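Given next are the chains, with one letter for each unit.
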Amino acid sequence: MIRYVLGRLISLVISLIVASIVIFAVIEVIPGDPAAFMLGVNARPDTIAALRAEMGLDQPVILRYFNWVTGMLQGDFGRSWTYKTPVADLISDRIWVSLPLAIYALFLSTIIAFPAGIYAASRRGGAGDITIMGATQLGVAIPNFWFAMILVLLFAINLRWFSAGGFPGWDNPLQAIKSLTLPAIALALPQAAILARVMRSSLLDMLGEDFIRTARAKGLSRRQALWRHAVRNALIPVLTIIGLQFSFLLAGGIIIEQIFFLPGLGRLIFQSISARDLIVVESVVMLLVFVVILVNFAVDIAYAAVDPRLRTKT
Amino acid sequence: MNRNLIIGSTLTAVFLLLAAASFFWTPYDIQSLDIPNKLQSPSGGNLLGTDHFGRDILSMIMMGARTSIAVALVAVGIGMAIGVPLGLLAAARHGSLLDELIMRGNDLVFAFPSLVIAILITAVFGASAVNAIIAIGIFNIPVFARLSRAAALPLWERDFILAARVCGKSPTRISIEHILPNMTNLMIVQGTIQFSLGILAEAALSYIGLGAQPPTASWGRMLADAQTLVSIAPHTALVPGFAILLMVLGLNLMGDGLRDWLDPRIRVTRA
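Calculation rules
- Residues numbered from 1 in each chain as written.
- Chains lettered and ligands numbered in written order.
- Predicted model: local features only at pLDDT ≥ 70, side-chain atom pairs only at ≥ 80, totals over all residues.
- Helix = DSSP H or I, 4+ residues; strand = E, 2+ residues; numbered from the N terminus.
- Buried ≥ 20, exposed ≤ 12 C-beta atoms within 10 Å, placed from the backbone.
- Contact = placed C-beta atoms within 7 Å.
- Domains from an automatic or database assignment.
- Nonpolar A, V, L, I, M, F, W, Y, C, P; charged D, E, K, R; others polar.
- Expected span 1.5 Å × (residues − 1).
- Axes fitted to C-alpha atoms, helices over the stretch in contact; angles between N-to-C directions.
- Parallel < 35°, antiparallel > 145°, perpendicular 65-115°, else oblique.
- Left-handed = near helix turned anticlockwise from the far one by under 90°.
- Core = buried A, V, L, I, M, F, W, Y, C linked by C-beta atoms within 7 Å.
- pLDDT = per-residue confidence, 0-100.

(A) Region of interest: the overall build of chain B. When its secondary structure is counted, chain B shows 10 helices and 0 strands. Its helices and strands taken in sequence order, chain B reads α-α-α-α-α-α-α-α-α-α from the N to the C terminus. The C-alpha extent of chain B, read off along each of the three principal axes, is 75 × 45 × 30 Å. With 271 residues in all, chain B has 49% of them scored as buried. In chain B, 72% of the contacts between residues at least 6 apart in sequence involve partners at least 24 apart.

Structural data, given as structure tokens:
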């Protein structure tokens, strides 16, 4: 197990290094002069020179890369050119919208998908199964930003149950949760559809296994065998998908945050890209990639802890 | 034939026909604006109504189908053209450093939040249909690389491959002449799924203004235009949304149907 964790850890570090090089290259090397790119075609030469000095563009590329990485390791993500504040402060403000939104959406997706998937698998081929599978086909095919528009039209404009957008802050937790509800539903629906399908097929695989037949032979009813043995084992592939979905939800909120005017990380990236504030873009993308890689690592480890067979596989 | 395949391919065929027909004929010219006739609900004159410029929505849907299909199809093409050879190479050199490098590279691409990177690419290189294709295509590469490697590995253990090796064929020739033809089914099914994901991705990118630029019609931008009008003219948001939904649904059903029809044993992942 220790060997396995060490191996994963090395591959985690290598992934992070390569990812940081790729991000740095795309943002700071490919556009040519990032300062000129950020300021646009009509910028005055002295403004460009000032930004070049602030970004340290007069230094060699390698040195700039190392400064960027060592800065991030110490919690210094640079200073935003448009907001004139440290990027770390921007991130710590926005994360309190994006993270709760992702958790909320993941929670919704799980509480919809688990019962749906288990029910469909236990009634395989029946009317309930066919209905649920049909619904998941729709759920996978609906663009979530369109679904968000429809939700706003129905629940904010027509029924006036929710506000159409904005975020009141966490001073009033109930209001805050309420304002995240429509966005969370819009984000959760396609994920719930995928998760329900995975849950169903994973459970069907388990129901065909010998140990279920053994459990039934020992006198357990179908229902008991399902809940005591099949569901627990079927959770392993489901957990991976949940891990992947969490990082997707954290990063994938960009468009949804945009629609609901939520001041989250996605909206920060989007606004920074529009304002060509590459310093912010670079650090936030790196942070998101870091979280994704970290979550995948955690899922791998959790996996190996649950199922020793996986420790030998690569 | 099964039900999924029939419904799915019918839906897909309808959109392909609409897109093909748009090269020769659309009910109205979408370049000409007719402001006095704006935001009309669906009627005999405009079957799906008109938008905020008085343009016929059916004509826009037809032209938009062309954009969506073209972008998604080329993006799948990029993914297959680069991903499949990489996967075949990794399988042919199974266990080598090259195999390891290709697979770790795949993991790395998967680790990037795809939408963020797509936005980044189009932001750095400019918003256009071509950059949208590249952004979507890049994320198709690891999907096909992983799948083709996984499909090729068990094939390499088979006797007919051994026979080919005894005949002195090189790994490259074996990969092309024997491995590849045996996994086309799988590639077709996964290609259909990636095609549908491409349609969704193109719609998302053009919705936030980073896909095809005006005057090229696109479903995503029709939705973006409809955003502020949704309460006064709901059809402007409903029609393009249903177009995306039905096209993606059709492709997904067709993919599932093809999988069952071509080979009931194969499993395709929907990432």
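(B) Local environment of the overall build of chain A. Counting its regular elements, chain A contains 13 helices and 0 strands. Start at the N end of chain A and walk to the C end: the helices and strands fall as α-α-α-α-α-α-α-α-α-α-α-α-α. Considering only C-alpha atoms, chain A reaches an extent of 80 × 60 × 35 Å along its principal axes. Within chain A, the fraction of its 314 residues that count as buried is 39%. Taking all contacts inside chain A whose residues are at least 6 apart in sequence as the whole, residues at least 24 apart take part in 70%.

(C) The arrangement of the domain arrangement of chain A in detail. Residues and elements named next belong to chain A. Looking at chain A, the domain boundaries give domain 1 (11–73) and domain 2 (87–311). One C-alpha centre belongs to domain 1, the other to domain 2; they are set 34 Å apart. Taken together, the contact pairs 13 residues of domain 1 with 13 residues of domain 2. Listed by contribution, the elements that provide at least two residues to the side of domain 1 that touches domain 2 are α1 (2–29) and α2 (34–39). Of the residues forming the side of domain 1 that touches domain 2, the biggest block, 7 residues, is contributed by α1.

(D) Structural context of the interface of chain A and chain B. Each partner contributes to the interface: chain A provides 34 residues, whereas chain B provides 31 residues. Contributions of two or more residues to the side of chain A that touches chain B are made by α1, α6 (127–141), α7 (144–158), α10 (222–252), α11 (254–259), α12 (265–274) and α13 (278–306) of chain A. Residue contributions to the side of chain A that touches chain B peak at 7 residues, all from α13(A). When grouped by side-chain class, the residues that make up the side of chain A that touches chain B number 27 nonpolar, 7 polar and no charged.

(E) Structural detail: unusual backbone geometry. Residues and elements named next belong to chain A. One non-glycine residue with positive phi stands out, namely K84, at about 60°. Checked against the element boundaries, K84 lands in the loop between α4 (61–73) and α5 (87–122). Unlike most non-glycine residues, F261 shows phi in positive territory, near 50°. In this structure, F261 sits in the loop between α11 and α12.

(F) Broad picture of the environment of M62(B). Residue and element names in this part refer to chain B. For M62, the position within the fold is in helix α2 (residues 57–92). Note on M62: 24 C-beta atoms within 10 Å, which makes it buried. Linking M62 and L17, residues 45 residues apart in sequence, is a C-alpha distance of 9.0 Å. If we skip the residues at most four places from it in the chain, M62 touches L18, A19, A21, S22 and T26.

(G) Just helix α4 (residues 114–125) of chain B, in detail. All names here are of chain B. For α4, built from 12 residues, the straight-helix expectation of 16 Å at 1.5 Å per residue is met to within 8% by its first-to-last C-alpha distance of 16 Å. Most of α4 is tucked away, with 9 of its 12 residues classed as buried. Where α4 ends, the next residue or the one after it, G126, has phi of about 95°, a positive value.

(H) Focus on the packing of α1(A) against α4(A). Residue and element names in this part refer to chain A. Relative orientation of the contacting elements α1 and α4 amounts to 120°, with a least axis distance of 11 Å. The orientation of α1 with respect to α4, classified from their angle, is oblique. For α1 against α4, the interelement crossing comes out right-handed. Contacts from S20, F24, E28 and V29 of α1 reach α4 at V61, R64, Y65, W68 and V69. Looking at side-chain class alone, the contact of α1 with α4 contains 6 nonpolar, 1 polar and 2 charged residues.

(I) The nonpolar core, seen in detail. Ranked by internal contacts, the top residues of the largest apolar core, which has 170 residues, are I269(A), V285(A), L288(A), V116(B) and A204(B). The leading source of residues in this core is α2(B), at 20 residues. When we break this core down by domain, the ones giving at least three residues each are domain 1 (11–73) and domain 2 (87–311) of chain A. Non-local contacts of V285(A), meaning those with residues more than four positions away in its chain, are made with I23(A), I269(A), V116(B) and L120(B).

(J) Spotlight on the packing of α1(A) against α13(A). Residues and elements named next belong to chain A. Running from amino to carboxyl end, α1 crosses α13 at an angle of 160°, the nearest separation of the two axes being 10 Å. In terms of their interaxial angle, α1 and α13 are classed as roughly antiparallel. Crossing handedness for the pair α1 and α13: right-handed. For the pair α1 and α13, contact is made by Y4, V5, R8, L12, S15, L16, A19, S20, I23 and I27 and by L278, V281, E282, V285, M286, V289, F290, I293, F297, D300, I301 and A304, respectively. Taken together, the residues that form the contact of α1 with α13 break down as 17 nonpolar, 2 polar and 3 charged.

(K) Region of the structure containing the environment of G128(A). All names here are of chain A. Relative to the assigned elements, G128 resides in helix α6. Linking G128 and M1, residues 127 residues apart in sequence, is a C-alpha distance of 42 Å. Setting aside anything within four residues of it in sequence, one finds G128 in contact with Y119, A120 and R123.

(L) How the structure looks around the environment of M187(B). All names here are of chain B. Relative to the helices and strands, M187 is located in helix α8 (residues 184–207). Residue classification places M187 among the buried residues on the basis of 20 C-beta atoms within 10 Å. Residues M187 and V84 lie 103 residues apart in sequence; the distance between their C-alpha atoms is 8.8 Å. Once residues lying within four places of it in the same chain are set aside, the contact partners of M187 are M80 and V84.

(M) Layout of the confidence of the model for chain A. The predicted model of chain A has a mean per-residue pLDDT of 83, with 97% of residues at 70 or higher. Across chain A, element-level confidence peaks in α5(A) with a mean pLDDT of 90 and bottoms out in α2(A) with 73.

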